[in-house]
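Listed below are the residues making up each chain.
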Amino acid sequence: MEPPTPSELPIQIDSHLDGSHERSLAEDALDGLTRPFKELPPKHFYDARGAALFDRICELPEYYPTRAERTILEERAEQLARLTGAVELVELGSGTAAKTRVLLDALDAAGTLERYVPVDVTESMVRECAEELVEEYPGLSVHGVIGDFERHLDRLPPACGPRIVAFLGGTIGNFLPGSRRRFLRAIARLLGPADHLLLGTDLVKDPRVLRAAYDDSQGVTAEFNRNVLRVLNRELQADFDPDDFEHVALFDQQHEWIEMRLRARREHTARVAALDLPVHFEAGEELRTEISAKFTPERVEGDLAAAGLELALWLTDPQQYFAVSLSRPRAV
Ligand code: SAH
Ligand code: AVI
C-alpha cells in the first residue's frame, strides 16, 4: 500500500513560535520588569511544568470554574451542535482539551464533525492532544497550531465549513479590558456568517469564593504563580529565587477582577543575564503576574457588541458561577 500523502494524514501541526516566543518573553520582561509597578503577562506561566500545575488547579476543590463550565457543556452540548451545525471546532488556548471532548462528542453524534483546530503556545499540549483525539474520534482530522493567539490568528487554516471558535476556561478574563475588546474584534474578523464564537466567562460572585479559588489551601496556585520566575531563570538566564516571593491573590472590587502578584519577602536585586538587566525589589514590593476578570451578563454582552457580535445563547451553571455564551456576527 502507498504511504498516505501529507494531506491524507489526520494530523497536521504548524508551529509559528520558532524562537519568537523567547523574543516575546525577553521583550515582555524588559518592558514589565523596568516599570514602576512591575508586571508580566500571564502567557509565560505555561511551560510544560506550568501547564501541569494548571491541570492540578483544575482539580482543586476551591477552583470551581472548570467544573462549572464542564457542567454547562455537558448539559447543552447537543443544543450547541444543533444550533451551529459546525463541522469544525477551532479552540484558542486549548490546553489538554479536556472539556473539549464534550463538544466533540456532540458534534460527532450530530454527524457533522470533521476537523479540530487546537491553538496553544504550549507545544507539547498541542501535539499530545492531537494524537489522543485522532485515536478517540476515527475520521477526525486535527490541524494543530502552536502559536500565540494574540499574534497568530491570521495563521489559522481556512474554514472547511461552518465553525465554532471556542475560547473556554475564562481565559478571556486574563486580558485587560482594552485588549480584551481588541482581541474579541480580532476573533470576530475570523467569523463568517455561518460561524459562532463559544466563550467561557467567569462571573462576579462572593469575593470569598473568588479569593479561595486563587489561593488554594494546598498551595498549587502559589506554585503556578511562582513558575513564571522559573521560566525567566531558564529562558533568560535569570537568578530569581522563587522562595524570595510570596503568592498574593486579591479581589479588586472596583474593577471586579482577581489579581495575582508575587510579593518580595526581602529587599534584593535579581539579575536577568540575557538582558543584562538588574531587577531591584524593595521588601514587600509586588510584581503583577495576572488579572482574571469576572463578568456580569451586561459586561459580556457589551464586549461582544463592541466586537460586532450578537448573543445567540447565554448558558450558566445552577450556582450561576460561570457562563458560556454563544454569539455570531451581527447581521448588517
Ligand atoms: N482551555 C483550557 C485551558 C485554559 S488555561 C481550559 O479551559 O481548561 C489557558 C491556556 O491558554 C493554556 O493552555 C495556555 O498555554 C494557553 N495560552 C495562554 N496564553 C496564550 C497565548 N497568548 N497564545 C496561545 N495560547 C495561550
Ligand atoms: C487560564 N485562566 C482562565 C485561569 C484563570 O482562572 O484566570 C488561570 C489561573 N490563574 C490562577 N488559577 C488559574
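Residue indices begin from 1 for each chain and proceed along its sequence in written order. Here the convention is simple: chains get letters from A, ligands get numbers from 1, in the order in which they are written. Predicted model: local features are reported for residues with pLDDT of at least 70 only, side-chain atom pairs are reported and counted for 80 or more only, and whole-chain, interface and lining totals are derived from all residues. Processing note: side-chain calculations cover all non-hydrogen atoms of the structure and skip hydrogens and water entirely.

Caption draft 1: Geometry of the overall build of the chain. Think of it this way: any DSSP run of H or I at least four residues long counts as a helix, any run of E at least two long counts as a strand, and we number them from the N terminus. What the chain contains, in helices and strands, is nine helices and 13 strands. Since a compact globule built from 332 residues should have a radius of gyration of about 20 Å, the 20 Å found for the chain is in line with a globular shape. Here the C-alpha coordinates of the chain stretch approximately 60 × 50 × 40 Å along the principal axes. Only heavy atoms enter the contact rule, under which two residues are in contact if any of them lie within 4.5 Å. Once local pairs closer than 6 in sequence are excluded, the contacts in the chain between residues at least 24 apart make up 71%. Each accessible area is a Shrake-Rupley result for a 1.4 Å probe, and residues are judged covered by the shown protein chains and nothing else. Carbon and sulfur atoms provide 50% of the accessible area of the chain, an area that totals close to 14800 Å². Note that His is not counted, nor are the chain ends; the positive residues are Lys and Arg, and the negative ones are Asp and Glu. Every charge is mapped to an atom, namely NZ of Lys, CZ of Arg, CG of Asp or CD of Glu. In the chain, the 38 positive side-chain charges and the 58 negative ones have mean positions that sit 5 Å from each other. Computation of the radius of gyration draws on C-alpha atoms alone. For the globule rule, the value is 2.2 Å times the number of residues to the power 0.38.

Caption draft 2: Broad picture of the pattern of salt bridges. The salt bridge definition used is simple: a Lys or Arg side-chain nitrogen within 4 Å of an Asp or Glu carboxyl oxygen. Per the stated rule, a full pass over the model turns up 33 salt bridges. Among the salt bridges present, the one from Asp 206 reaches Arg 208, with a minimum N-O distance of 2.7 Å. Under the relative-accessibility criterion, Asp 206 is labelled partly exposed at 31%. Per-residue accessibility, obtained with a 1.4 Å probe over protein chains only, is compared with the maximum for each type, and a residue is labelled buried under 20%, exposed over 50%, and partly exposed between these values. Residue classification places Arg 208 among the exposed positions, given a relative accessible area of 60%. We note a salt bridge from Glu 286 to Arg 263, for which the minimum N-O separation is 2.8 Å. Placement of Glu 286 in strand β11 (residues 286-293) and of Arg 263 in strand β8 (residues 257-264) is noted, with a sequence separation of 23 residues between them. Members of the salt-bridge network, linked through shared partners, are Asp 31, Arg 35, Glu 39, Glu 246, Glu 259, Arg 261, Arg 263, Glu 286 and Arg 288.

Caption draft 3: Quick look at the pairing of strand β13 (residues 322-329). By the criterion of burial, β13 is predominantly enclosed, with six of the eight residues buried. Strand pairing is assigned whenever DSSP identifies at least 2 bridges connecting the two strands. Looking at chain direction, strand β12 (residues 309-316) and β13 are connected through seven bridges and run antiparallel. Residue pairing for β13: Thr 316 is matched across the bridge by Ala 323.

Caption draft 4: Just the packing of helix α3 (residues 65-84) against helix α4 (residues 100-109), in detail. Axis lines are fitted through C-alpha atoms, for helices just across the contact stretch, and the angle between N-to-C directions can take any value from 0 to 180 degrees. Between α3 and α4, whose axes approach to 8 Å, the crossing angle comes to 35 degrees. Handedness of the α3/α4 crossing: right-handed. Packed against α3, whose contacting residues are Arg 70, Leu 73, Glu 74, Ala 77, Glu 78, Leu 80, Ala 81 and Thr 84, the element α4 presents Val 102, Leu 103, Ala 106 and Leu 107 at the interface. Polar here means any residue outside two lists: the nonpolar Ala, Val, Leu, Ile, Met, Phe, Trp, Tyr, Cys and Pro, and the charged Asp, Glu, Lys and Arg; Gly therefore counts as polar. Residues belonging to the contact of α3 with α4 are distributed by class as follows: eight nonpolar, one polar and three charged. Rotating anticlockwise by less than a right angle from the far helix to the near helix defines a left-handed crossing, while the corresponding clockwise rotation defines a right-handed one.

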